[in-house]
Amino acid sequence: QVQLVESGGGLVQAGDSLRLSCAASGRTFSSSNMAWFRQAPGKEREFVARINWGASGTYYRDSVKGRFTISRDNAKNTLYLQMNSLRPEDTAVYYCAADPRLRSVFSTASAYDYWGQGTQVTVSS
C-alpha cells in the first residue's frame with residue numbers, strides 16, 4: 001500500500017512557477033508508475049503527466065508540454081511536478097497517483113490505485 005501527500009500548491013500570477021511535491025510512504029513507491037492529475041471546478045479530473053517506475057519514461061498532456069516537468073527521487077520516496085510559465089487555465093486541484101501494477105494504460109484515473117488528497121494551484125491573470 002502507498003500513502004501519498006501532496007504539497008507546494010499556492011496562488012501565483014500568470015507566468016510564474018511552482019514545484020509540487022508528493023511524499024510517499026510504503027514500500028512500493030520505487031516500483032510504481034506515478035502520475036499527476038488535476039481537476040478544475042466543474043470539470044472532470046484530467047491527466048497531466050506520468051513517469052515510469054525507473055524514471056526512464058515520461059509523458060505529458062499536450063497543453064503542458066514544454067512547461068511542466070515530472071520527476072521522481074526514489075531514494076526520497078518523492079514525486080515532483082515543476083510547473084513553469086503557469087497560465088490561468090492551469091488552475092485546479094492537483095493530485096498525485098500511484099500505479100503499482102504498471103499498467104500499459106496510464107492517462108485515465110482508473111489506471112491508478114492510490115491517490116493523495118490534492119493541493120490547490122491558483123493562477124491569476
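Source: prediction; values computed, not measured.

Asks: Got a minute to help me understand the environment of Arg87 in this structure?
Replies: Looking at where Arg87 falls in the secondary structure, it is placed in the loop between strand S8 (78-83) and strand S9 (92-99). In the structure, Arg87 is positioned 37 residues away from Ser124 in sequence and 7.7 Å away in space, judged by C-alpha atoms. If sequence neighbours within four positions are ignored, Arg87 has contacts with Ser63, Arg67 and Val123.

Asks: What is the right way to read the state of the cysteines from this model?
Replies: Any covalent bond linking the sulfur atoms of two cysteines counts as a disulfide. Applying the stated criterion across every chain, the model contains one disulfide. Two residues, Cys22 and Cys96, share a disulfide whose sulfurs are 2.0 Å apart. Negative torsions about the S-S bond denote left-handed disulfides, and the value of about 55° found for Cys22 with Cys96 makes this one right-handed. Taken together, the residues Cys22 in strand S3 (residues 18-25) and Cys96 in strand S9 connect sequence positions 74 residues apart. Residue Cys96 is classed as buried on the basis of its relative accessible area, which comes to 0%.

Asks: Quick question: what am I supposed to make of the packing of aromatic side chains here?
Replies: The geometry of an aromatic ring pair is captured by two quantities: the separation of the ring centres and the angle between the planes. This model, assessed by the stated rule, comprises eight aromatic pairs. Seen in terms of ring centroids, Phe47 and Phe106 are 5.8 Å apart; in terms of plane orientation they differ by 55°. Their pairing is tilted. Of this pair, Phe47 sits in strand S5 (residues 46-51) while Phe106 is found in the loop between S9 and strand S10 (114-115), placing the two residues 59 residues apart along the sequence. By relative accessible area, which is 6% here, Phe47 ends up buried. Take Phe106: its relative accessible area is 18%, and that puts it in the buried class. Ring centres of Tyr59 and Phe106 lie 5.0 Å apart, and the angle between their planes is 70°; this geometry places the pair in the edge-to-face category. Of this pair, Tyr59 sits in strand S6 (residues 58-60) while Phe106 sits in the loop between S9 and S10, placing them 47 residues apart in sequence. Members of the aromatic cluster, joined through ring pairs, are Phe37, Phe47, Tyr59, Tyr95, Phe106, Tyr112 and Trp115.

Cut-off values and rules
Residues numbered from 1 in each chain as written. Predicted model: local features only at pLDDT ≥ 70, side-chain atom pairs only at ≥ 80, totals over all residues. Heavy atoms only, no water. Helix = DSSP H or I, 4+ residues; strand = E, 2+ residues; numbered from the N terminus. Contact = heavy atoms within 4.5 Å. Disulfide = S-S within 2.5 Å. Buried < 20%, exposed > 50% of the residue type's maximum accessible area, 1.4 Å probe, protein only. Phe/Tyr/Trp six-rings, centres within 6.5 Å; stacked < 30°, edge-to-face > 60°.

Functional significance is not addressed by these values, which are geometric in nature.
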